[in-house]
Structures are given as C-alpha cells and as structure tokens.
Amino acid sequence: MTTLHSGPDSVYDVLGVGFGPANLALAIALHEHGVTAGPEAPFRAGFLERQPRFGWHRGMLIDDATMQVSFLKDLVTMRDPTSDFSFLCYLRERGRLVDFLNQKTLFPLRVEFHDYFEWAAARLGHLVAYGAEVVAVRPVTEDGEVRWFDVVSRDPAAPARHTVRRARALCVATGLEPRLPPGAVLSDLVWHNSELLPRVDELVRSGRPVRRAVVLGAGQSAAEAVDYLHRRLPEAEICSVFAKYGYTPADDSPFANRIFDPEAVDVFYGAPAEVKQSLFDYHRSTNYSVVDTELIESLSRTMYQERVQGRQRLRMLNVSRIREVETRDRDVRVTVEYLPTGERELLASDVLVYATGYRPQSIGDSLGEIAKLCLRDDEDALRVGRDHRVETAPNVTADVYLQGGTEHTHGLTSTLLSTTAVRAGEICSALLARRRADVPRG
Ligand code: FDA
C-alpha cells in the first residue's frame, strides 16, 4: 500500500510513472546519489505503479525461459560496477553465487531475474506506491509558466479514490502494451501471450479437455508459447501459424550485439533520419520477430520425433494467415489460409493465442493534457533530447523524461534492458544539472 505523500504541500523533485526495470534502475541511481551527495540535498523522488506489487511480465515467466541479455546488463553494473544492487550481490544474498558461476552462463533464468528485480524493488519499497495507476497529469502554472505537474492516480482495485501528487519533473516509463491484429477480440478462449501462464493454469485447473490450441506469430514469445502449450497440454495438437517460411534466428553475434552498446545510442542519436532507419532495418533481427536458435532447434527436434513416433502434435502452418476467427461458447473456430495456394483450413480449437507482439504505450495514455505541451517532429514523433528529456512548449519549465518509446531517437535499446543502468545514470545527471541551473521554486 502507498507510503508516498500526496497533496500539493509535498512537492517531489521527480515522480516516476510506472515501476518496471527502467524506473527501478532510476530509483536506485537516485537513491545512490542521495547516499553519496554530501551536503547537497538528496532528490525527493517517488514512483507510481499500477500493479498491486512489483511484477515484470509475470504472464510469461515460463519456468525454463532464460534472459536474452547478459546478467551484467542488470540494473546497475554498466553504470557502477561497485553498486550493491547488482545481480551478483543479489546472488550472494541468496547464497547462490558459487552455484550460479558453475552454470557457466551469462543468461540467467527469467524467473531468477524477476526475483532479482523484486529483491531490488523491495529495498526501495519506501519510494513506491503500488496500486497507483496514473490517469491524468495536469499542468500547474505560475506567472504564465508551467512549473509543476499534478499527477493524478487511482487504485485500480478502488477506482473511485483519486490521489494527487505534485512534481517538478516526471519520468515516464510505462513500458509495452500487447499488440493485437486489427479486429481481434480477446475472451476466455482467445488470449494475448502476455497472459499465457495464468490462463493456462486456469484451463488446466478447470479440467476441460483441450484438443487443439492455435498460436499466431513468429517471434520469441510465439515460439515460447508453442513450446509451453505443447508441454502443458499433453493431449492437445498445437498449431503454430505464421506468414514466414520458418522462424528466423535472433542475431546475437558479437558485432551485431554492439548495436546495444551505450556508444551506439550516441551514434544513433546523432545520425540523420535515413541512417537511423537503415540501422534499424539492418539490425531489427537482433530483437524483432526472431527466436533463440536453441528454441528453434528444440521445436524442430520435437516435431521430427513426433513424425518418427507417428503422432504429430506439433504443427507448423507456415506461409499462412488467419483469415477468420469465430468464438463460440465452448470453442473457437480459426480459418487459416495457406498463402501460396489460397487453400483454407478450418481449425476447431479450444484456445487461440495471439503472440503478435507489443508496442510502447503512447505518452498520451498517461500524460493526458501534458502530452499536448510536448513538441513533435515532422513525422509526429516526440522530440526527445539526448538526456531523455522531452522537448516542451517554451512556457513549460517542469520536465518530462521518457524511458522506452524513444526508438526513433535513441535506437533499438530503447525498449530493452541493455542500457537501462546507463540511461538511469544519464537521467539522474540531467535532473541534477537542471536542479543546479534552476531558479528556486516551490
Ligand atoms: P515494463 O513494461 O517492464 O514496466 C512498465 C511498468 O509501468 C509496468 O509495471 C506497468 O504496470 C506500469 N504502468 C504502465 N502504465 C502505468 C500507469 N498509467 N500508471 C502507473 N503504472 C503504469 N528485454 C531485454 O533486454 N532482455 C530480455 O531478456 C527481455 N525479455 C523480455 C521478455 C518478455 C516476455 C517481454 C514481454 C519483454 C522482454 N524484454 C526483454 C523487453 C522489455 O521491454 C524489457 O525487459 C523491460 O520490461 C522494459 O522495462 P520498462 O520498465 O521500460 O517497462
């Protein structure tokens, strides 16, 4: 429950909207600045998170899924390898440091990294209000200048109660939201993969027989969903539907991986629009619509074994698209078209999973009228400084920082964890520089 103060009497230096890894890393950077700041006043910081407790993609915490980023790109190490918020310090506290080293991997289990995030978030629990969804931000004007923001939040469990907190700066890190095909309607039988685990648990608990599940998509989440459903629903046929010929392996080779280096953000930021676009196109296979090679090989092995055994449960419906979905009381009828011939197949299914990706939440979703004060370029994209501060109308002296949703300015790392620690340090420095240059207010 919330411990953060509210009301216009208590003005925050910075309020974070969302408390996923990005703002958690910022909270740590601000906390550590406070510890070492000497006579300089520490930042008055608070974070608002709509979930009732810390959670990082809980619906996809598949037991054996691993991180796709080195543990050294944790919340702090790339900014300050001596921080005691590192993954290694977490391991030491959990008594697993030696055992982890013996695994000889840079890529921990996703569930383990989640536990690491929770451990770090718990240490800064006093800075966070959970069950606080930001629903509006209002400008507070003095002498014609927008100097503060009033941030309005509500508890999703008690939506009638609103709380207002005032801040000189916001850091918006609201993450990704599920992307669905046009016209798709979710239901008890039709899910986005972001809710995979609780939905499958519910299905298995219900004891309802499952004969067939269809998964649409060709990215990492789709392949993971196919593999997971195949294991959890041992009687069901699992159909993987996608337009490609086969899954594309993720490019995590050493030279391509440099696109995630902090220096690559500088290069990308300074490049002209057409170079930005070509860098994005060349390197999208590091992240988008790609699958870990190991998982591709494992799925292929399973398919072949099933052919040998004469009981094919895992089916790839490649070069195909879903043309129609009819949800009925107890099943969902999915019509799939094989694109080379136009031939259609009707799949009577018990479950349809859209593993059709995510997109950054629009800043307008949580900032409301403040979004109108943020400047946009010719392509209608937000203008964001290298220090992650959104450019605003000249009469706005309160600041908005953005983490995520900056792929167009800061490149492919924007929505990922690779530069989380470094970016948090950059925002902390920017807040400090702005405060030092600031006329005292409020
Ligand atoms: P994130 O989405 O984690 O957090 C945003 C938070 O804001 C959420 O807790 C949300 O509830 C909250 N929020 C949203 N709107 C709000 C509002 N209005 N008011 C209050 N709170 C609000 N990347 C990578 O580099 N390596 C990896 O291994 C993976 N693995 C991975 C697995 C899966 C299944 C997914 C879906 C994604 C990844 N990613 C990834 C990418 C992923 O974007 C990244 O790991 C982080 O989640 C980004 O952290 P953020 O804090 O920016 O967003």
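Residues numbered from 1 in each chain as written. Predicted model: local features only at pLDDT ≥ 70, side-chain atom pairs only at ≥ 80, totals over all residues. Heavy atoms only, no water.

Here the focus is the domain arrangement of the protein chain. Once the domains are mapped, the protein chain shows domain 1 (7–175 + 361–436), domain 2 (179–250 + 288–354) and domain 3 (256–286). Spacing between the C-alpha centres of domain 1 and domain 2 amounts to 34 Å. Listed per partner, the contact involves 13 residues of domain 1 and 13 residues of domain 2. Contact between domain 1 and domain 2 buries roughly 930 Å² in total, counting both sides, with carbon and sulfur atoms accounting for 49%. Interface area lost by domain 1 to domain 2 is led by Gly59, Met60 and Ile62, which between them contribute 50%. Connecting domain 1 to domain 2 are 3 salt bridges. The partner of Arg231 in a salt bridge is Asp64, with the nearest N and O atoms 3.2 Å apart. (Domains from an automatic or database assignment. Contact = heavy atoms within 4.5 Å. Buried area = accessible area lost by both parts, 1.4 Å probe. Salt bridge = Lys/Arg side-chain N within 4 Å of Asp/Glu carboxyl O.)

This next bit is on the nonpolar core. Among the nonpolar cores identified, the biggest contains 45 residues, and Phe19, Leu24, Leu30, Phe47, Leu75 and Phe117 are the most heavily contacted of them. Counting residues per element, the ones that place at least two in this core are helix H1 (21–36), strand E3 (45–48), helix H2 (87–94), helix H4 (110–123), strand E8 (169–172) and helix H13 (420–436). No other element matches H1, which puts 7 residues into this core. Those residues in contact with Phe117 that sit more than four places away from it in its chain are Pro21, Leu24, Phe54, Trp56, Leu75 and Leu417. In terms of nonpolar packing, the next biggest core, distinct from the first, is built from 32 residues, Leu61, Leu196, Ala236 and Val353 among them. (Core = buried A, V, L, I, M, F, W, Y, C linked by side-chain atoms within 4.5 Å. Buried < 20%, exposed > 50% of the residue type's maximum accessible area, 1.4 Å probe, protein only. Helix = DSSP H or I, 4+ residues; strand = E, 2+ residues; numbered from the N terminus.)

Taken together, the neighbourhood of the ligand is formed by 29 residues, with Glu49, Gln68, Val134, Thr415 and Leu417 sitting nearest. One of the side-chain nitrogen or oxygen atoms of Glu49 is found 2.7 Å away from an oxygen atom of the ligand. Here the ligand loses 92% of its free accessible area of 990 Å² to cover by the protein chains. At the level of elements, H1 and strand E5 (133–142) are the ones that each hand at least two residues to the shell around the ligand. Tallied by class, the residues present in the shell around the ligand amount to 15 nonpolar, 10 polar and 4 charged. (Near = heavy atom within 4 Å. Polar contact = N/O pair within 3.5 Å; in protein donor to acceptor, adjacent residues only side chain to side chain. Areas by Shrake-Rupley, 256 points an atom, 1.4 Å probe, with all protein chains shown as cover. Nonpolar A, V, L, I, M, F, W, Y, C, P; charged D, E, K, R; others polar.)

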